[in-house]
Every structure is written in structure tokens, then in C-alpha cells.
Amino acid sequence: MGKSATVFPAADFDSEADAKALREAFKGFGTDEATVIDVLVNRSNEQRRQIAATFKTMYGKDLMKELKSELRGNFEDVVVALMTDPVEFQAKELHHAISGLGTDEITIVEILGVYDNEAVVNIGNAYEGLYQTSLEADIKGDASGHLKRLLVSLANGHRDESDQVDEEAARGDAQALLQAGELLFAGTDESVFNMILCQRNRAQLRRIFHEYEEITGHSIEQAVENEFSGTVKDSLLQLVHCVRDPVEFLAARLHDAMAGIGTDDRTLIRIVVARSEIDLGEIKEVYEAKYGKSLAERIEQDCSGDYKRTLVAIVS
């Protein structure tokens, strides 16, 4: 369990009783959605997968298939997300971000930027198992130029995982970024940005950003704005935000998913479900402090029906 989860394992867990309750919820005309929500939201992912195994033993049926046949729309999507192994879930989200119309590079940066090396490697392995091709090969086939190189670097999971800060090295890296960008007479040496942003540990990067500002009088974000354009610029800005404060970055992603006309339900479901056993409590606090409204209230306004009830139950 993460330090500020909103979903916890049920203390008096009984997979047989849960399997039976779900079976009853599917019987007769229509589905008892309240039972489905109550059982699945109040169990950990591991417990949900145990329920699925027990359901198969008791009834000879695949629980995931039953849920998909009983439920519809966004409600079905959030329940399927709850039932999926977390690593496999992120692999599927990456595949969707790559294989859809155009590349959803911000989602790729979100997933590969928020998780540590071990998780990124595990997600990559799951991806290969699911799609018989490597994550790197699919990124190379879908993206081009500096964006491709940036995303491939992130997908390799080579970030320094220590939390040590070397001030002298940070000054050197800040100088290197300056030389590769704003001081370079023609163009930008993107490879230097790539190497530093994708390989240094988060604490070291925050120090590098500080040193950059000390030298130049403006933020690293401003440098990215000055030196890059288009999707590469957007991806780098998202990555810098993710490095500076992963929790605030995810809160901003949730906000953006519900801002404007329509809702980016996929992003909303992914972050709420994936972080529910890690740090959704913290994300929720940052969200409210930043946007003046609780995450649950925003979801209430933006979503409807059983889909809304499920998300609010996870958040609360």
C-alpha cells in the first residue's frame, strides 16, 4: 500500500462470499450495479483478482467476461480497470496511446515518467507479452525525430534511482543544458536534454533546474519554451513538471481531463484507478488546494450514473 492510498485490502476478505454476491448481482433482469461497485471498490487489486479466480472455480465462468457482458460504457471501462493487473493495465494504456490515431505522447510521458525503473521495465515486459513486440519498437514505429528519441530513452528505464544530490555535478549539467540550448548558435543539441532528463535521479534534476535558474535568471521551463516547439516541447514540459512534483503533475492531469467541453475519461480512469492504492489521497489534497474544489466534487459535476458513483467511491 502506498503512503496515502484511498483503496485498501478488505480486512475480513472472503473471496467465495464476494464471488457469490457478484453472481447474484448478475442474475435476473438487469444488473445490481450497487453490489458490483460495493464489492470491487472496497477490495485491493490483488483481492479482486482472487475473487475472479474463485468465481471461475465456483461457476466455471470468467468474471471479467461476465462483467463486460453485463456493464456498458465508462462504467464498464472503470470496472475492467479495477479488475486488471496494474502492470498489465499500464501496458495496455501505453499500447492505446501508441496505436490510436496519432501518438498520445503526453500519456506516454505520464506513465513512463511517474513510475520508477523497475516498474517501467515490468510494464515493458508485460507489453511484449501482450503484443509480441517491444514497447521500444512500437514507439520507434510511431514517433519520429527527437520525440522518438525522448520516448525511447524513457521506455528503457535507465534513470538513476538514488536520491543523492551532487551540487557540483548539477552545476555542470545546468551549464551543459545551457550550452546545448540557449547558448548554441544554431539549433538545439536535443541529445544533451535527453540524456540529462532521462538519466539523472529526480532530486538531482530538481537541483539542476535550480542551478539553471541561478545561472540564467529564468526557469528550465522557459528554456524549453525557447528552444523547442510542437509535441517535443509539450512532452518535455510535461516531463519537467513530472520530475518537479509527480503528485502535482497527476493532479494537473486530472484537472485537464475534466476541463473544457467533454471529459478525457481514459485519463481520468487511468489515474484514479492506478493511484488508488498508492497516493491518490495526496493527489486529492493537492488537487483541492490548487483548484479550490475537491476531486470528488469535480467528478460529480463532470460524470454521471454508475460510472460517477464508482469513481467517487474510489476517490473517497
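Residues numbered from 1 in each chain as written. Predicted model: local features only at pLDDT ≥ 70, side-chain atom pairs only at ≥ 80, totals over all residues. Heavy atoms only, no water.

- As recorded by an unreviewed UniProt entry, the protein chain carries the name Annexin and is attributed to Dendroctonus ponderosae.
- Its UniProt record, at the heading Sequence similarities (unreviewed entry), says of the protein chain: "Belongs to the annexin family." (UniProt positions renumbered as here; feature names shortened; annotations may be inferred.)

### Structural notes on helix H12 (residues 190-199)
Item 1. Every buried residue of H12 is listed here: Val192, Phe193, Asn194, Ile196, Leu197 and Cys198.
Item 2. In this structure, the buried side of H12 is in contact with helix H10 (145-155), helix H11 (167-180), helix H13 (202-216) and helix H15 (230-244). (Buried < 20%, exposed > 50% of the residue type's maximum accessible area, 1.4 Å probe, protein only. Helix = DSSP H or I, 4+ residues; strand = E, 2+ residues; numbered from the N terminus. Contact = heavy atoms within 4.5 Å.)

### Here we look at the domain arrangement of the protein chain
Item 1. When cut into domains, the protein chain gives domain 1 (86-156), domain 2 (167-244) and domain 3 (246-315).
Item 2. Just the C-alpha atoms count here: the centres of domain 1 and domain 2 sit 23 Å apart.
Item 3. Of the residues lining the interface, 12 residues belong to domain 1; the matching set on domain 2 comes to 13 residues.
Item 4. When domain 1 packs against domain 2, close to 1200 Å² is buried across both sides, 71% of that on carbon and sulfur atoms.
Item 5. Contact with domain 2 buries area across many residues of domain 1, yet Ile106, His146 and Leu150 alone supply 44% of it, more than any other trio.
Item 6. At the junction of domain 1 with domain 2, the criterion picks out zero salt bridges.
Item 7. Between domain 1 and domain 2 we count four residue pairs in polar contact (both at pLDDT 80 or more) in total.
Item 8. Sorting the residues of the side of domain 1 that touches domain 2 by element identifies helix H7 (105-114) and H10 as the ones contributing at least two each.
Item 9. The element best represented in the side of domain 1 that touches domain 2 is H10, accounting for six residues.
Item 10. Residue classes in the side of domain 1 that touches domain 2 are distributed as seven nonpolar, three polar and two charged. (Domains from an automatic or database assignment. Buried area = accessible area lost by both parts, 1.4 Å probe. Salt bridge = Lys/Arg side-chain N within 4 Å of Asp/Glu carboxyl O. Polar contact = N/O pair within 3.5 Å; in protein donor to acceptor, adjacent residues only side chain to side chain. Nonpolar A, V, L, I, M, F, W, Y, C, P; charged D, E, K, R; others polar.)

### Re the pattern of salt bridges
Item 1. What the rule picks out here adds up to 20 salt bridges.
Item 2. Across the salt bridge formed by aspartate 173 and arginine 200, the nearest N and O atoms sit 2.6 Å from each other. Separated by 27 residues along the polypeptide, aspartate 173 in helix H11 and arginine 200 in the loop between H12 and H13 bring together distant segments of the chain.
Item 3. Look at aspartate 173 and you get buried, because its relative accessible area is 11%.
Item 4. For glutamate 248, the salt bridge identified is with lysine 290, shortest N-O distance 3.8 Å. Of this pair, glutamate 248 sits in helix H16 (residues 246-258) while lysine 290 sits in helix H18 (residues 280-291), and the two are 42 residues apart along the sequence.
Item 5. Residue classification places glutamate 248 among the partly exposed positions, given a relative accessible area of 28%.
Item 6. We classify lysine 290 as partly exposed; its relative accessible area is 38%.

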